[in-house]
Amino acid sequence: MLQRFVDNVLAVAEESVKTFTYESLNNIVRLINGVSALLLTILPGKAKILEGIHGWELRPTFRGPRFPRWMENGVSSFNQFIYELSVDSDTSSVDYSSAEEDSDRNIYPASPSSQSSRVSGASTYTKYDRHRTGWIRCIFFWILLPAKFLMGIPVYLYRFLFNRVSKAPALSGSHQHSGLHSIKRVFTLRDQIVHRTTDRRRGVIEDLHLAIEIFIEAIFDVVHKAAHFILSPSEAFRKLFRWVLYYIGRTKENHGNVVEVSVTTDTLGENDPAPAEQNVTFYQSLNTDARTCQDVITELGYPYEAIHVVTADGYVLLLERIPRRDARKAVYLQHGVFDSSMGWVSNGVVGSPAFAAFDQGYDVFLGNFRGLVSREHADKNISSRRYWQYSINEHGTEDIPAMIEKIHQVKTSELKLSQPSLQEESDDQPYKLCAICHSLGGAAILMYVITRRIEEKPHRLSRLILLSPAGFHQDSTFVFTVVEYFFLMFGPILAPFVPAFYIPTRFFRMLLNKLARDFHNYPAVGGLVQTLMSYVVGGDSSNWIGVLGLPHYNMNDMPGVSFQVALHLAQMKHTGKFRMYDYGSASANMEVYGSPEPLDLGEHYGLIDIPVDLVAGQKDKVIRPSMVRKHYKVMKNSGVDVSYNEFEYAHLDFTFSHREELLTYVMSRLLLVEPTPKPPSSQKALRLKKKGL
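Residues numbered from 1 in each chain as written. Predicted model: local features only at pLDDT ≥ 70, side-chain atom pairs only at ≥ 80, totals over all residues. Heavy atoms only, no water.

**Quick notes on the packing of helix 1 (residues 2–42) against helix 20 (residues 523–536)**
The contact between helix 1 and helix 20 brings their axes to 7 Å, and the two run at 45°. Between helix 1 and helix 20, the interaxial angle falls into the category oblique. The hand of the helix 1/helix 20 crossing is left-handed. Facing Ile32, Asn33, Ser36, Ala37, Leu39 and Leu40 of helix 1, the residues of helix 20 in contact are Pro523, Ala524, Val525, Gly527, Leu528 and Thr531. Along the lines of polarity and charge, the residues of the contact of helix 1 with helix 20 split into eight nonpolar, four polar and no charged. (Axes fitted to C-alpha atoms, helices over the stretch in contact; angles between N-to-C directions. Helix = DSSP H or I, 4+ residues; strand = E, 2+ residues; numbered from the N terminus. Parallel < 35°, antiparallel > 145°, perpendicular 65-115°, else oblique. Left-handed = near helix turned anticlockwise from the far one by under 90°. Contact = heavy atoms within 4.5 Å. Nonpolar A, V, L, I, M, F, W, Y, C, P; charged D, E, K, R; others polar.)

As structure tokens, this is what we get:
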């Protein structure tokens, strides 16, 4: 009877403490969110910065997107199905019937308690009213306070033995079952088609809720077992003795909590596609979004291929592909600074340039520059300082040439294999290749075309579509001017100590990944951070918070920027010229370029022998429209076939936002390139040969 009473008191006390701590933490978070909202109201210029930002704003969107014009012809049935599904789900959210949308609208998320804890909490509070919580807590306190000292020693001994022994039966009795169950759970989660996985990971606040709840449960579990030990010492000693004996017999069979299994695995694009077994270790998930570009593409039902490319200087690059092997038109997409191929697929089926090009019949290749924290290199022992020792020169003269030559090799071999009649053609390139590049990728692709023309080598491109390309930067904000002089003055001193800019540890990368979720949960905090980040980049209204939530910024890896790349951009801004990297002395430049000054790429725009489409953003404060127009004027004066267009975008809107008019424009420019006409079929060719004989 006494034991049952103690159990009831402990159960009520546990739920009371949980409720008290949970509400206290929520009140603190509400206070932070309220203060952020107050600060947001007094900050100047926040209306333009927050205008049009989707994903975390206070204003919900009830209407599904209109059917994009670029999907009117050539769209796949699967793509149309996904579009109709998204429209249906958006319109159904008007009546707030969707659980996911309800969770997104709720500023303060539900407790991350386990299901059993939720059930026990509900049942407990139906049995005990809230007004009894206070006096029961007092009774519990005065009952256990006199026994606190006496319980200290046995509780410590019991806790030490119980925690070590309790792992043995759990692991031995269901080791294989739990291992298979965890593996099955991992693959079940990966098999789901997740449209908004980023929104389903836990944030820092949710993790704090969960950690506090687990801590409270652990404390009360110890107190509960200690009370049983005092009230029933004989039974407690009997169980303790039995557990110790069992532990001694099973110690050698316990090898830890990590599950290792052999699975068949293979990467598309390898020379030998036969599946091979390898050991894969599954660890406990920290509930972060670590999806790759491959995960996004395959989750949406598109084909995928990964091709590893090794540059001439040993860097291992990942060239990703949405393959149409028989297509005679291909498109190469290249990202900008602090970005990866994820940017081209981050808006799902309807809003992503990569999927739009694939649905128009293109073979899509997604390039990735060197510069990952994982430091992929042919030399496995390369130091961090040596790995990050590169500038934009290497992007344009090493990375892009290696990837485009790999594209040429793959496309030529595949087309000749699927269409044997191509072997009789004299044309070395039986396909057309266009390039869509953003920001730094635009500067690198221009450098590639010009240097290949100087070297009298084929660049294999038919058209360039450059979205806010880098290169000219003298017209910029005060913040960038300060950064320019900082790099020019302290660059030689800082370069040996700061080889690159990235988040150095797994913990802080995980923290950034989770904070992005908190910025979504608490709109005022997210709006404040968005506004402050926009101030740093001169008032650019890009969705910086949404970009931070992309999964390529995860605890395992992230794109970084080398110090020399940043210094190279500062040199361009200081000189007002689009030129190659200045090595700091006339002798060093003479050794690389054959002249005391770096090669001025703007002066060689006349070598560009393909059409170029330049696109600028009227709200872009990172690369202003005046700088894109400078590209246009220099190209026009040099006789380049160039066009210029402006959209009301900020810098990151070209890749990270769903912009129907941009996709329509890009697709229309791609269609200006006529694909290589297909040769006659093999049977027809044979007939012509016979007639010729």
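**A closer look at the confidence of the model for the chain**
Mean pLDDT over the chain works out to 74, with 67% of the residues at or above the 70 mark. Predicted confidence for residues 164–199 stays below pLDDT 50, and this span has 40 contacts to residues more than four positions away or in other chains. (pLDDT = per-residue confidence, 0-100.)

**Some remarks on helix 18 (residues 478–494)**
Note that an α-helix has 3.6 residues per turn; residues three or four places apart therefore point the same way. The largest bend along helix 18 measures about 40° and falls at Leu488, with the proline Pro492 one to four residues further on. Every buried residue of helix 18 is listed here: Glu484, Phe487 and Gly491. Taken together, the buried residues of helix 18 touch strand 9 (500–501) and helix 22 (563–575). (Bend = angle between axes of the 7 residues up to and from the residue. Buried < 20%, exposed > 50% of the residue type's maximum accessible area, 1.4 Å probe, protein only.)

**Description of the pairing of strand 12 (residues 642–647)**
Relative to strand 12, strand 11 (residues 612–617) runs parallel, the two being bridged by six bridges. Note that in strand 12 the partner of Asp613 across the bridge is Ser643. Note on the crossover from strand 11 through helix 24 (residues 625–637) to strand 12: the handedness is right-handed. (Pairing = 2+ DSSP bridges. Right-handed = clockwise from strand over helix to strand, strands pointing away.)

**Topic: a nonpolar patch on the surface**
A contiguous nonpolar surface patch, about 750 Å² in accessible area, is contributed by Tyr485, Phe486, Leu488, Met489, Phe490, Ile493 and Phe497. Positionally, Tyr485 belongs in helix 18. (Patch = residues over 30% accessible without salt bridge, like charges linked within 9 Å, V, L, I, M, F, W, Y side chains within 5 Å. Areas by Shrake-Rupley, 256 points an atom, 1.4 Å probe, with all protein chains shown as cover. Salt bridge = Lys/Arg side-chain N within 4 Å of Asp/Glu carboxyl O.)

**Topic: the nonpolar core**
The biggest cluster of nonpolar side chains holds 65 residues, and the ones touching the most others in it are Tyr332, Ile445, Leu461, Leu464, Ile608, Val612 and Met635. Per-element tally for this core: the top contributor is helix 17 (residues 440–454), with nine residues. If near-sequence neighbours (up to four positions away) are discounted, Val612 is found in contact with Leu464, Leu466, Met635, Val640, Asp641, Val642 and Ser643. Of all hydrophobic cores here, the second largest spans 37 residues; its members include Ile322, Met342, Ile465 and Leu467. (Core = buried A, V, L, I, M, F, W, Y, C linked by side-chain atoms within 4.5 Å.)

**Things to note about the sheet that holds strand 11**
What the eight strands build is an open sheet, ordered 3-4-6-5-7-8-11-12; its pairing is mixed. At either margin of the open sheet sits one strand with a lone partner, and together these are strand 3 (305–310) and strand 12. Within the sheet, the average angular offset between the axes of one strand and its neighbour, ignoring direction, is 20°. Alignment of strand 8 (residues 463–467) against strand 11, held across four bridges, turns out to be parallel.

**Some thoughts on the environment of His408**
Residue placement: His408 occurs in helix 16 (residues 392–418). Spatially, the C-alpha atoms of His408 and Gln429 are 7.5 Å apart, while their sequence positions differ by 21 residues. Excluding anything up to four places from it in sequence, His408 contacts Asp428, Gln429, Tyr431 and Arg460.

**Here we look at the packing of aromatic side chains**
In this description, a pair of aromatic rings is defined by centroid distance and the angle of the planes. Scanning the entire structure with this criterion turns up 21 aromatic pairs. Their ring planes at 80° and their centres at 6.0 Å tell us that Tyr315 and Tyr390 sit as a pair that is edge-to-face. Remark: Tyr390 occurs in the loop between helix 15 (384–387) and helix 16 and Tyr315 occurs in the loop between strand 3 and strand 4 (316–322); sequence separation between them is 75 residues. Given a relative accessible area of 5%, Tyr315 falls into the buried group. Taken together, the ring pairs connect Tyr315, Tyr387, Trp388, Tyr390 and Tyr502 into an aromatic cluster. A cation over an aromatic ring shows up here: Arg370 above the ring of Tyr315, its NZ or CZ 3.8 Å from the ring centre. (Phe/Tyr/Trp six-rings, centres within 6.5 Å; stacked < 30°, edge-to-face > 60°. Lys NZ or Arg CZ within 6 Å of the ring centre and 35° of its normal.)

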